[in-house]
Amino acid sequence: MTGGDRLDRAAEGKGKGALMAGKRGLVLGVANDRSIAWGIASKLHRHGAELAFTYQGEAFERRVRPLAQSLGSRLVLPCDVSREADLDTVFDAVRETWDRLDFVVHAVAYSDKDELKGRYLDTSRENFAKTMTISCYSFTALARRAAPLMTDGGSLITLSYLGAQRVTPNYNVMGVAKAALETSVRYLAADMGGARIRVNAISAGPMRTLAGSAIADARFVYRWNETHAPLRRNVSLEEVGAAGLYLLSDLSAGVTGETLYVDGGYNTIGIPSPRRLKAEHD
Ligand code: NAD
């Protein structure tokens, strides 16, 4: 039994005592059951949270609606985060249905696949702006709309990756967007802390998802992390979900403006062990 399983068992059947009992939140970024947003949502649900979901467009609705319904969700809405009107419609619906919001999960990113390979130097102005709007600015746009609904305090999280801090293969403009996203987390935390609203990021290790596979050589990065991380493996959806539960629940009541690494410890490594490097190449 994993630590996560034990935590889930402890919470099961406790109703009001569950960590997220009585808490209501909005989850953006489920594309399928391998999405990080889904890992976090299912963990929150197991601990008593009530959830609303958005999907990017009709193509995703087919996958997202049954998943949302399997968690008893009443609110499942379309939302392209680059459209202000879509965001307004979502928050109007949340206000009408719930009148209060406790948390938001932002697990959304996009960049042209052709620029997630080769040189950062070749990033186009158009894709730079699009990547920033969808992958970074949307979090700020969400936070601004969520704040007035978080009348009893709240917690927002977003997803980042090590490529924000250091150069990783082919991450390019997405690394620049994630750096801006991590900085947004700190500024938002400062702006919203007075209203008891916390803002944090999870920097997840490489995971096999739709967005993850858009980055060239994703398999190499996945294997490299697995070989060289202190835990000698990649992290699971379940483990990122547990970190989400921590940051969105009162367990982290004193934590804001942070980027929490959930990557098997890989970010702490400067130079990998020569023994492991040799084993890789033999
Ligand atoms: P995913 O493909 O399952 O999720 C990405 C989501 O972004 C999809 O649901 C997609 O519909 C949504 N999206 C893209 N453009 C959108 C738009 N304009 N409007 C609304 N939604 C839009 O992949 P994932 O890996 O679960 O990605 C979730 C988050 O985690 C992203 O921010 C990603 O950068 C981050 N992340 C991923 C990894 C990884 O290795 N997969 C590692 C660290 C961080």
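Up top is the structure.
Residues numbered from 1 in each chain as written. Predicted model: local features only at pLDDT ≥ 70, side-chain atom pairs only at ≥ 80, totals over all residues. Heavy atoms only, no water.

(A) The arrangement of empty space enclosed by the protein in detail. Overall, the coordinates contain one cavity of 30 Å³ or more when judged by the stated rule. Space inside the largest cavity adds up to approximately 30 Å³. Together, Tyr161, Leu162, Ser203, Ala204, Gly205, Asn225, Tyr261, Asp263 and Tyr266 line the largest cavity. Each residue belonging to the lining of the largest cavity can be placed in one class, and the counts come to five nonpolar, three polar and one charged. (1 Å grid on protein atoms, 1.4 Å probe; cavity = no way out; pocket = protein on both sides within 12 Å on 5 of 7 lines; lining within 4 Å. Points joined across faces, edges and corners; volume = space filled by probe spheres on them. Nonpolar A, V, L, I, M, F, W, Y, C, P; charged D, E, K, R; others polar.)

(B) How the structure looks around the packing of aromatic side chains. What the rule picks out here adds up to three aromatic pairs. A ring pair is formed by Tyr161 and Tyr171, whose centres lie 4.9 Å apart and whose planes are at 65 degrees; its orientation type is edge-to-face. Taken together, the positions of Tyr161 in the loop between strand 5 (154–160) and helix 6 (172–192) and Tyr171 in the loop between strand 5 and helix 6 put the pair 10 residues apart, joining distant regions of the chain. Across the pair, exposure class does not vary: Tyr161 and Tyr171 are buried alike. With 5.8 Å between their ring centres and 35 degrees between their planes, Phe220 and Trp224 make a pair best called tilted. Separated by four residues within a single helix, Phe220 and Trp224 lie in helix 7 (residues 218–228), roughly one turn from each other. Using a relative accessible area of 40% as the deciding quantity, one classes Phe220 as partly exposed. Accessibility expressed as a relative area gives 21% for Trp224, which makes it partly exposed. Above the face of the Tyr222 ring, Arg208 is positioned so that its terminal group lies 3.9 Å from the ring centre. (Phe/Tyr/Trp six-rings, centres within 6.5 Å; stacked < 30°, edge-to-face > 60°. Helix = DSSP H or I, 4+ residues; strand = E, 2+ residues; numbered from the N terminus. Buried < 20%, exposed > 50% of the residue type's maximum accessible area, 1.4 Å probe, protein only. Lys NZ or Arg CZ within 6 Å of the ring centre and 35° of its normal.)

(C) Quick peek at the site of the ligand. Inspection of the region around the ligand gives 27 residues, with Ser35, Ile36, Gln56, Met207 and Thr209 positioned closest. In this structure, Ser35 approaches the ligand through a side-chain N or O atom, which is 2.6 Å from an oxygen atom. At 2.8 Å from an oxygen atom of the ligand is found a main-chain nitrogen or oxygen belonging to Ile36. Isolated, the ligand exposes 820 Å² of accessible area, and the fraction of that covered by the protein chains is 93%. A molecule is said to occupy a pocket when more than half its atoms come within 2 Å of that pocket's grid points, and by this definition the ligand occupies the largest pocket. (Near = heavy atom within 4 Å. Polar contact = N/O pair within 3.5 Å; in protein donor to acceptor, adjacent residues only side chain to side chain. Areas by Shrake-Rupley, 256 points an atom, 1.4 Å probe, with all protein chains shown as cover. Sits in = over half its atoms within 2 Å of the grid points.)

(D) Seen up close, the nonpolar core. The biggest cluster of nonpolar side chains holds 34 residues, and the ones touching the most others in it are Leu101 and Leu156. Those elements giving two or more residues to this core turn out to be strand 1 (24–28), strand 3 (75–78), helix 4 (84–98), helix 5 (125–146), helix 6 and strand 6 (197–204). It is helix 5 that contributes the most residues to this core, seven residues altogether. Beyond its immediate stretch of four places on either side in the chain, Leu101 contacts Arg24, Gly25, Leu26, Phe91, Val94, Ala146, Leu149, Met150 and Gly153. Formed by 33 residues, the second largest nonpolar core is a distinct cluster that contains Leu51, Leu67, Val76 and Val235. (Core = buried A, V, L, I, M, F, W, Y, C linked by side-chain atoms within 4.5 Å. Contact = heavy atoms within 4.5 Å.)

(E) Region of the structure containing helix 3 (residues 58–70). Here helix 3 is 13 residues long and its end C-alpha atoms lie 19 Å apart, about the 18 Å a rise of 1.5 Å per residue gives. Within the sequence span of helix 3, burial applies to Val64, Leu67 and Ala68. Those residues of helix 3 that are buried lie in contact with helix 2 (36–46), strand 2 (50–55) and strand 3. A positive phi of about 70 degrees marks Gly72, the residue just after helix 3. (Expected span 1.5 Å × (residues − 1).)

(F) Quick peek at the packing of helix 4 against helix 5. One way to put it is that helix 4 packs onto helix 5 with a least axis distance of 11 Å and a crossing angle of 35 degrees. Between helix 4 and helix 5 the crossing geometry is right-handed. Mapping the contact onto sequence places Glu84, Leu87, Asp88 and Phe91 in helix 4 and Tyr137, Ala141, Leu142, Arg144, Arg145 and Ala146 in helix 5. Residue classes in the contact of helix 4 with helix 5 are distributed as six nonpolar, no polar and four charged. (Axes fitted to C-alpha atoms, helices over the stretch in contact; angles between N-to-C directions. Left-handed = near helix turned anticlockwise from the far one by under 90°.)

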